[in-house]
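# Structure assessment
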Amino acid sequence: MRLSPLLRLLILTQLAFNVGFFAVLPFLSEHLGQGIGMAGWLVGFVLGLRTFSQQGLFVVGGALADRYGIRPVVLAGCALRIAGFAWLGYADSTATVIGAVLLIGFAAALFSPAVESEVARQAVVWEETGNGSRTRILALFTVAGQAGAFVGPLLGGLLLSVDFRVVCLAGAGIFVLVLAGHAWLLPQHIPGRERIRAKGGVRTLLSNRRFLALCSAYGAYLLAYNQLYLALPAEVERATGSQTALAWLFALSSLLVVTAQLPVTRWVGDRLAMRRSMVAGMLLISAGFAVVALARPAGWTGIVGLLPAAGFVVLLTFGQMLVAPVARAWVPDLAEEGRLGLYTGALSSVSGLIVLVGSSLTGTLLDTGLPAMTPWLVLAAVPLVAIAVLPRRA
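Residues numbered from 1 in each chain as written. Predicted model: local features only at pLDDT ≥ 70, side-chain atom pairs only at ≥ 80, totals over all residues. Heavy atoms only, no water.

## Structural notes on the layout of surface pockets
Put simply, the test is: Detection works on a 1 Å grid of protein atoms alone, calling trapped sets that fit a 1.4 Å probe cavities and calling open sets with protein on both sides within 12 Å along at least five of seven lines pockets, with lining residues defined by an atom within 4 Å of a point. Grid points are joined across faces, edges and corners, and a volume is the space filled by probe spheres set on the points. A run of H or I in DSSP counts as a helix once it spans at least four residues, and a run of E counts as a strand once it spans at least two, with each numbered from the N terminus. Polar here means any residue outside two lists: the nonpolar Ala, Val, Leu, Ile, Met, Phe, Trp, Tyr, Cys and Pro, and the charged Asp, Glu, Lys and Arg; Gly therefore counts as polar.
In this model, the largest pocket occupies a volume close to 500 Å³. Secondary-structure elements contributing two or more residues to the lining of the largest pocket are helix H2 (28-35), helix H3 (40-56), helix H11 (231-240), helix H15 (340-367) and helix H16 (374-389). Here the element with the most residues in the lining of the largest pocket is H11; it accounts for six residues. Here the residues of the lining of the largest pocket sort into 13 nonpolar, seven polar and six charged.

Spelled out as structure tokens, the structure:
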């Protein structure tokens with residue numbers, strides 16, 4: 001693909017963001033439960049709170065990007081992420097952990113919708129100039145993010161042999177480099193992006209039923225995807241007695257996206273409309289949960305015990321390939337003129353609220369002592385709910 005310098009910068013931005021983020025996040029659940037001693041429901045709540053403070057407040061970051069442009073919002077977000085990771089490294093109580101997690105989440109609520117909305121806008125421009133479908137740009141954006149998600153856990157896993165604090169400080173250090181790079185390279189003003197000063201965008205958004213239906217479906221998808229950080233670590237711990245294999249499963253997911261996302265997007269783009277692509281992705285994700293559910297009564301352990309978890313990761317990842325780029329590509333068609341940042345943020349805000357509630361319920365579900373397959377069967381139903389609420393037309 002022949003990309004503009006701005007698109008290249010934004011796509012590399014996603015790569016750098018995810019290296020720093022995923023060096024820390026996959027190991028947070030174990031640190032909260034084993035290192036600090038939190039109960040399962042509280043671990044689920046904190047993880048959901050992190051997602052909500054990030055995804056749930058995207059609407060704020062998106063509105064600020066529409067109002068002030070992406071440069072100041074991205075730089076402020078990077079500075080807050082540095083402070084949040086450093087704080088998390090030294091947090092040793094529920095209150096301090098929650099404070100650090102909120103700061104980490106809000107930082108992303110600033111920079112991510114600014115970057116994502118501009119990538120979506122540039123993708124539409126790229127499509128309108130005859131270069132191909134906008135979903136190819138958004139798929140490349142996803143690949144960059146997953147490349148970061150591939151490197152991040154491996155880096156975090158190596159540093160975890162020292163301690164969790166070193167992992168957090170390394171994540172903060174990566175964002176120091178990101179902040180410096182963007183202060184130098186990100187333009188002050190982007191041609192074609194006008195700043196919106198009038199109020200009233202939220203009222204119009206709340207009356208947009210098709211957009212809210214997409215938000216609800218995407219939220220159910222994100223709740224299912226969030227089980228990589230809650231249900232999957234618990235399953236890996238059960239099967240092997242440690243979290244060592246978790247980094248490799250995250251690496252498997254990222255490697256699949258890096259190698260297969262663009263071919264999958266091209267193949268699907270020639271055959272399926274946006275809604276059908278999302279439906280197919282949700283069905284794959286549901287099947288991933290079902291694989292673990294069917295295997296759990298056998299109680300397999302060791303390498304064999306990891307096979308259902310690996311199957312879950314593979315199916316979830318291919319489902320993500322179909323769902324995530326298409327959902328982002330759909331937003332510009334539903335957004336009010338000049339409010340793409342707000343709508344991009346709102347997509348994540350609604351889904352973040354769903355994840356906040358759903359993660360607490362999932363943490364409780366995993367702790368209740370129900371039959372082994374029951375929690376995974378319940379989780380398999382979540383993507384099916386997402387299909388039911390999708391808008392009926394693209």
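## What about H16?
Basically, it comes down to this: Expected helix span is given by 1.5 Å per residue-to-residue step, counting one fewer step than there are residues. Here the term buried applies to any residue with accessible area under 20% of the maximum for its type, exposed to any over 50%, and partly exposed to those in between, with areas from a 1.4 Å probe on protein chains only. Think of it as the arc spanned by the lines of direction from the helix axis to the C-beta atoms.
The terminal C-alpha atoms of H16 lie 24 Å apart, and with 16 residues this matches the ideal 22 Å at 1.5 Å per residue to within 8%. Turning to H16, its buried residues number three or more, namely Pro375, Trp376, Leu379, Ala380, Val382, Pro383, Ala386 and Ile387. Taken down its axis, H16 places every buried residue within 160° of arc, on the same side.

## Focus: the side chain of Gln14
Heads up, the condition is: Whether two residues are in contact is decided by their heavy atoms: any pair within 4.5 Å suffices.
Along the chain, Gln14 falls in helix H1 (residues 5-22). Non-local contacts of Gln14, meaning those with residues more than four positions away in its chain, are made with Phe141, Ala144 and Gly145.

## Concerning the packing of H11 against helix H14 (residues 302-334)
Quick note on the threshold: Only the stretch in contact is used when fitting a helix axis, every axis being a line fitted to C-alpha atoms; angles between N-to-C directions are given from 0 to 180 degrees. If an angle is under 35 degrees, it is roughly parallel; if it is over 145, roughly antiparallel; if it lies from 65 to 115, roughly perpendicular; otherwise it is oblique. By convention, the crossing between two helices is left-handed when the near helix turns anticlockwise from the far helix through less than a right angle, and right-handed when the turn is clockwise.
Relative to each other, H11 and H14 sit at 165°, their axes nearing to 8 Å. One way to sum up the angle between H11 and H14 is to call them roughly antiparallel. H11 and H14 meet at a crossing whose hand is right-handed. Contacts from Leu232, Glu235, Val236, Arg238, Ala239 and Thr240 of H11 reach H14 at Gly302, Gly305, Leu306, Ala309, Phe312 and Val313.

## Description of the packing of aromatic side chains
Remark: the centre distance and the inter-plane angle together describe each pair of aromatic rings, the angle taken between the planes. Stated precisely, the cut-off is as follows: In this scheme Phe, Tyr and Trp rings, the latter by its six-membered ring, pair at centre separations within 6.5 Å, and the angle between planes marks the pair as stacked below 30 degrees, edge-to-face above 60, and tilted otherwise.
The tally for this structure, following the rule as stated, stands at eleven aromatic pairs. The interplanar angle of 45° and the centroid separation of 5.9 Å between the aromatic rings of Phe289 and Trp376 together place this pair among those described as tilted. With a gap of 87 residues between them, Phe289 in helix H13 (residues 274-295) and Trp376 in helix H16 connect regions that are remote in the sequence. Assessed through its relative accessible area of 0%, Phe289 is described here as buried. Assessed through its relative accessible area of 3%, Trp376 is described here as buried. Ring-pair connections join several aromatic residues into one group, and the members of that group are Phe17, Phe85, Phe111 and Phe175.

## Notes on the pattern of salt bridges
Between side chains of opposite charge, a pair can form as their charged atoms come close. Inclusion rule: Basic side-chain nitrogens of Lys or Arg form a salt bridge, by our definition, when they fall within 4 Å of a carboxyl oxygen of Asp or Glu.
Tallied over the full model, the rule gives five salt bridges. A salt bridge links Arg134 to Asp333, with the nearest nitrogen and oxygen atoms 3.1 Å apart. With Arg134 in helix H7 (residues 134-159) and Asp333 in helix H14, this pair connects stretches of sequence that are 199 residues apart. The exposure class assigned to Arg134 is buried, which follows from its relative accessible area of 12%. A salt bridge links Glu235 to Arg296; the shortest N-O distance between them is 3.3 Å. Here Glu235, found in helix H11, pairs with Arg296, found in the loop between H13 and H14; they are 61 residues apart in sequence, far enough to count as distant. Overall, Glu235 belongs to the buried group, its relative accessible area being 4%. The network of salt bridges with common partners includes Glu127, Arg134 and Asp333.

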